[in-house]
Amino acid sequence: MTTLAGAPSTDTTEMNIVQAVHDTLRDEMRRDDRVLVLGEDVGARGGVFRATHGFLDEFGSERVLDTPLDECLIAGVAIGLALDDMLPVAEMQFADFIFPAFNQIVSEAARIRYRSNGDFEVPMVIRAPWGGGVHGALYHSQSIEAFFAHVPGLKVVVPSTPYDIKGMLIEAIEDRDPVLFLEHKKTYRLIKGEVPAERYTVPLGRAAVRTEGDDVTVVAYGLMHHFCVEAAGRLHGEGIGVEVIDLRSIYPLDMDTVLTSVRKTGKAMIVHEDTKFLGVGGEVAAQIAEEAFDDLDAPVVRVAGPHIPAMPFSPTLEHRYLPDVDRLEVALRKLAEY
Amino acid sequence: MNELLRFIGDGDAIPDKPVPDGLDGKDLLEIYRWLVVLRTFDERAVALQRQGRLGTYALYWGEEATQSGPMYACRDTDWVFPTYRQSSIGALRGVSPATVLAWWRGYGGTHGFYNAREHRVAPICVPIATHLPHAVGLAYAAKLRRDPIAALAWFGEGASSEGDFHEAMNFASVWKVPAVFFCVNNQWAISTPFSKQTATATIVAKAAAYNMPATLVDGFDPIACWKATKDALERARGGGGPTLIEASCYRIGAHGTADDPKLYRDDADAARWRALEPVGRTAGYLTRLGVLDDTKRSAIAEEAKRLIADAVAEMESMDMPGREVLFDYVYARGRPDSFAEGLDELAAVRRPPEVQPLRPQAPPSTGDADAPKGLK
Ligand SMILES: Cc1ncc(C[n+]2csc(CCOP(=O)(O)OP(=O)(O)O)c2C)c(N)n1
Ligand SMILES: [Mg+2]
């Protein structure tokens, strides 16, 4: 375990998520010249979310590649770079546009180690802004974690605090396996937090308990975990104790933290904005059933996106697609009262 | 093959050429009127977005010739496949401009989308280049049915980097499919300049690899865009196979209303290209020909203004869809399995009309060492 123990000993700075991505990536590029970034508009524009702002000036166009408009190429070239001992951090402009690269990521990045008996490895990172709540309609709102977490050989992480972004991005770059690093775009400017100046890592595959409580366990990640913390705060006033667990990583999945909590509360709810059917919640619920059935006092509950192909553009419908704090509050109270 | 096709001069160094066969004065005025309608729509949409009455909007200021010319070359039976950059092109074919505006606002249709099937306008693809194989497939179906129509698809030069483009070109040429690939080379894909997109000097150069005829045209000249498309559509409908057209122009405006080109390019370049923009240049050409005068010109402008003003009023009178439509149109028959449960869950919460911002709230204390400090 390489995380900081207790309170950070060095200076900290308050920053938002996109700033944390930016600063961490910049510092890693300064530290190791094998780290490079590639993607659409990452150079002169500094990325559409400005995550690589100023990189072109500092590191030059050989390490900050504005690629042709082709995601398959971005992933494929990153794999090649990684095979030759570089540490590429590829950017998908939006998670919604990763699908042209699906073949490269699933058929190649995830399988090269296995099919070469460990002779080759693909230590690359693919960053992608995901999630809804920004009025982005069908193609700027999607959740893609379940597609990729299903694939052995890939790691899929979903940090959503500035502290975790830094620690997990460094860890992802150092990781010798391909890591899909998903950044919830609604949190980019919404969520702020203190980030220590010193270099530290947060291991991939360790959940964080955000609030402690004895009555209900709620497992979430991304924007939804922030909503859950807010709903928990409301219920706290009513004397209902909600333990909010931020998974932070889909694979590896930290079931120890989840099970410890569920054994205490006896009630579990899983929240994500991705479609419920065959989503992350299904896996977590199944493992709870397998490992902690005797500790449960209520059926496991999932609150998730509806079974429709994508986020509608209509503001009213987008609002109804995404679970929000009001809906979580209702669902949590109902479970607590079960 | 790679010589630039152009008819309209600039009244200065670039000379006028005679009007090509097939266009009379009435046609020229109609092509011009379409330019003006498109321009009026675009300027109004940008203004509405700035006022918060539309969502993010993809403007096309300066690219009107790449829409007016090719559309005028189509028969109503030909299918068109626009991108987000040609969102209002259906208005040239009977789609109500109010429908298009409502689409940008998220109020239109059932889910806030618009569908112009009856006008043979394909759904707008936001994922880049995905519609090109669709146009080819649809055209192949027409060929199988001996239906003498063609499919015309627009795309940007950036889209030519996606596999879908090459795959569509390849199939279309092997199977001699009645499709026309219309590339609007506006030199920019968001911030990526043409020189970073491809090492070829033109997009038409790529046609050779697929053994496909190609034409390079002045993308600010609607007559040139018309002529190239007209010839290509005729060849396609007659069994001669596909054509690649490259309309060379410049993206004078931003990529979209959320973009700021100052971050990555010199404004002075766009200002220089502005001199070639199609509305004024076409007006000059038609005036020199004696087809257009000031009276006609202002009548066309007034009519376009009225058309779009009416469309805005109509859009603003539309209601937002209710939540019960959320599960419609997922499958051909029936609603998704989780429909009833999903609707119950939604109904359980009385909610304000808009997405609530996340309110900062101090969470109860946490024992976790990794917990973010000072999370807001
Ligand atoms: C598959 C995919 N990748 C990325 C994007 C994001 N994106 C939207 S428009 C655009 C640039 C398109 O450039 P071009 O094809 O030249 O068309 P233009 O916008 O200039 O009309 C990009 C990268 C997308 N919509 N789809
Ligand atoms: Mg372009």
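Residues numbered from 1 in each chain as written. Chains lettered and ligands numbered in written order. Predicted model: local features only at pLDDT ≥ 70, side-chain atom pairs only at ≥ 80, totals over all residues.

Asker: Teacher, can you tell me more about the overall build of chain A here?
Answerer: Secondary structure summary: chain A contains 13 helices and 14 strands in total. For 338 residues, the compact-globule formula gives about 20 Å, and the C-alpha radius of gyration of chain A, at 20 Å, lands near that figure. If you line up chain A on its principal axes, its C-alpha atoms span 60 × 45 × 45 Å. The burial tally for chain A puts 59% of its 338 residues in the buried class. By sequence separation, contacts in chain A at least 24 residues apart represent 81% of the contacts at least 6 residues apart. (Helix = DSSP H or I, 4+ residues; strand = E, 2+ residues; numbered from the N terminus. Rg over C-alpha atoms; globule rule 2.2 N^0.38 Å. Buried ≥ 20, exposed ≤ 12 C-beta atoms within 10 Å, placed from the backbone. Contact = placed C-beta atoms within 7 Å.)

Asker: Sorry if this is basic, but what is going on with unusual backbone geometry here?
Answerer: Residues apart from glycine generally show negative phi values, whereas peptide bonds are mostly found in trans. All names here are of chain A. Omega for the peptide link from Tyr251 to Pro252 comes to 0°, which places this bond in the cis form. Within the fold, Pro252 resides in the loop between strand 12 (249–251) and helix 10 (255–265). Backbone geometry at Arg50 places phi at a positive 70°, although glycine is not the residue there. By secondary structure assignment, the location of Arg50 is in the loop between strand 2 (35–39) and helix 2 (55–59). For Arg50, a count of 15 C-beta atoms within 10 Å corresponds to the partly exposed category.

Asker: Help me understand the confidence of the model for chain B in this model?
Answerer: Caution applies to low-pLDDT parts of the model: their predicted coordinates are not meant to be read in detail. All names here are of chain B. The predicted model of chain B has a mean per-residue pLDDT of 89, with 88% of residues at 70 or higher. This model gives residues 352–376 a pLDDT under 50, and the stretch forms 55 contacts once residues within four places in sequence are excluded. Overall fold confidence for the complex sits at a pTM of 0.93, while the interface term, ipTM, reaches 0.94. (pLDDT = per-residue confidence, 0-100.)

Asker: Whenever I open this one, the site of ligand 1 confuses me. Can you help?
Answerer: Residues in close proximity to ligand 1 total 21 residues, the closest being Phe97 of chain A together with Ile128, Gly156, Gly158 and Ala189 of chain B. Those residues lying near ligand 1 are distributed over chains A and B. Residue composition of the shell around ligand 1, by class: 11 nonpolar, five polar and five charged. (Near = placed C-beta within 6 Å. Nonpolar A, V, L, I, M, F, W, Y, C, P; charged D, E, K, R; others polar.)

Asker: Which parts of the structure should I look at to understand the packing of helix 2 (residues 65–73) of chain B against helix 7 (residues 222–237) of chain B?
Answerer: Relative orientation and spacing of two packed helices are given, respectively, by the angle between their axes and the distance between those axes. All names here are of chain B. In contact at an axis separation of 7 Å, helix 2 and helix 7 are set at 40° when each is read in the N-to-C sense. Viewed along their axes, helix 2 and helix 7 adopt a mutual orientation that is oblique. In the crossing of helix 2 with helix 7, the sense of the turn from one axis to the other is right-handed. Two secondary-structure elements touch here, helix 2 through Ala65, Thr66, Ser68, Gly69, Pro70, Tyr72 and Ala73 and helix 7 through Pro222, Ile223, Cys225, Trp226, Thr229, Lys230 and Leu233. Classifying every residue of the contact of helix 2 with helix 7 by side-chain character gives nine nonpolar, four polar and one charged. (Axes fitted to C-alpha atoms, helices over the stretch in contact; angles between N-to-C directions. Parallel < 35°, antiparallel > 145°, perpendicular 65-115°, else oblique. Left-handed = near helix turned anticlockwise from the far one by under 90°.)

Asker: How should I be thinking about the nonpolar core in this particular structure?
Answerer: Soluble globular proteins: nonpolar side chains tend toward being buried together. Residues and elements named next belong to chain A. By size, the foremost hydrophobic cluster in this structure holds 106 residues, and its most contacted members are Val218, Cys228, Met269, Val271 and Leu332. For this core, the element with the highest residue contribution is helix 9 (residues 223–236), accounting for eight residues. Looking at this core, you find at least three residues from each of domain 1 (15–196) and domain 2 (208–337). What Val218 contacts, discounting residues up to four positions off in sequence, is Cys228, Val242, Val244, Ile245, Met269, Val271 and Leu332. (Core = buried A, V, L, I, M, F, W, Y, C linked by C-beta atoms within 7 Å. Domains from an automatic or database assignment.)

Asker: Sorry if this is basic, but what is going on with the sheet that holds strand 2 of chain A here?
Answerer: One key point about sheets: their strands pair by backbone hydrogen bonds, in either a parallel or an antiparallel sense. Residue and element names in this part refer to chain A. Read from one edge to the other, the open sheet built from seven strands follows the order 3-2-4-5-7-6-12, with strand pairing classed as mixed. Only two strands of the sheet have a single partner each, and these edge strands are strand 3 (64–66) and strand 12. Recorded for the sheet is a direction-independent mean angle of 20° between the axes of neighbouring strands. Two strands pair when backbone bridges link them, and strand 5 (residues 125–130) and strand 7 (residues 179–184) are joined in this way by six bridges, in the parallel orientation. If you follow Ile126 over to strand 7, its bridge partner there is Leu180. Along the sheet, helix 7 (residues 162–174) makes contact with strand 2, strand 4 (87–91), strand 5, strand 6 (155–157) and strand 7, crossing strand 7 at roughly 160°. (Pairing = 2+ DSSP bridges.)

Asker: Is there a simple way to explain the sheet that holds strand 2 (residues 79–81) of chain B in this structure?
Answerer: Residue and element names in this part refer to chain B. Read across the open sheet, the six strands follow the order 1-7-8-4-3-2; overall the sheet is parallel. Both outer strands of the open sheet, strand 1 (4–5) and strand 2, are each paired with one neighbouring strand and no more. The sheet contact formed by strand 1 and strand 7 (residues 214–218) spans two bridges and is parallel. Each residue of the ladder has a partner; that of Leu5, found in strand 7, is Val217. Contacts from helix 7 reach strand 1, strand 3 (151–156), strand 4 (179–185), strand 7 and strand 8 (243–248) within the one sheet, and its direction differs from that of strand 8 by about 175°.

Asker: Could you clarify how one ought to interpret the environment of Ala209 of chain B in this entry?
Answerer: Relative to the helices and strands, Ala209 of chain B resides in the loop between helix 6 (194–197) and strand 7. For the pair formed by Ala209 of chain B and Cys225 of chain B, sequence separation is 16 residues and the distance between their alpha carbons is 23 Å.

Asker: Help me understand the environment of Tyr139 of chain A, please; the structure alone is not making it clear to me.
Answerer: Position of Tyr139 of chain A among the secondary structure elements: in the loop between strand 5 and helix 6 (145–149). Here the alpha-carbon distance between Tyr139 of chain A and Phe313 of chain A, two residues 174 residues apart in the chain, equals 9.6 Å. Residues in contact with Tyr139 of chain A, not counting those within four places in the same chain, are Asp96 of chain A together with Val126 and Pro127 of chain B.

Asker: Explanation requested: helix 9 of chain A in the structure shown.
Answerer: An α-helical turn contains 3.6 residues, so a residue and the one three or four places further along point in the same direction. Residues and elements named next belong to chain A. Spanning 14 residues, helix 9 covers 20 Å between terminal C-alpha atoms, matching the ideal 20 Å at 1.5 Å per step. Counting buried positions over the 14 residues of helix 9 gives 12, a clear majority of the element. Of the positions making up helix 9, those classed as buried are Leu223, Met224, His225, His226, Phe227, Cys228, Val229, Glu230, Ala231, Ala232, Gly233 and Leu235. (Expected span 1.5 Å × (residues − 1).)

Asker: What should I look at first to understand the domain arrangement of chain A in this one?
Answerer: Bring the parts together and some accessible area is lost; that lost area is often taken as the interface size. Residues and elements named next belong to chain A. Domain annotation for chain A reports domain 1 (15–196) and domain 2 (208–337). Inter-centroid distance (C-alpha atoms) of domain 1 to domain 2 is 26 Å. Contributing elements (two or more residues each) for the side of domain 1 that touches domain 2: helix 6 and strand 6. Broken down by class, the residue content of the side of domain 1 that touches domain 2 amounts to 10 nonpolar, 11 polar and four charged.

Asker: Mind showing me how you'd approach the pairing of strand 2 of chain A here?
Answerer: When a strand is regular, its side chains alternate between the sheet's two faces. All names here are of chain A. A large share of strand 2 lies buried, amounting to five of its five residues. Burial of the side chains of strand 2 extends over both faces: Val35, Val37 and Gly39 are buried on one face and Leu36 and Leu38 on the other. In terms of strand pairing, strand 2 meets strand 4 through five bridges, oriented parallel. Note that in strand 4 the partner of Gly39 across the bridge is Glu91. Sheet topology places strand 2 next to strand 3; three bridges connect them, and they run parallel. Bridging from a neighbouring strand, Val37 pairs with Val64 of strand 3.

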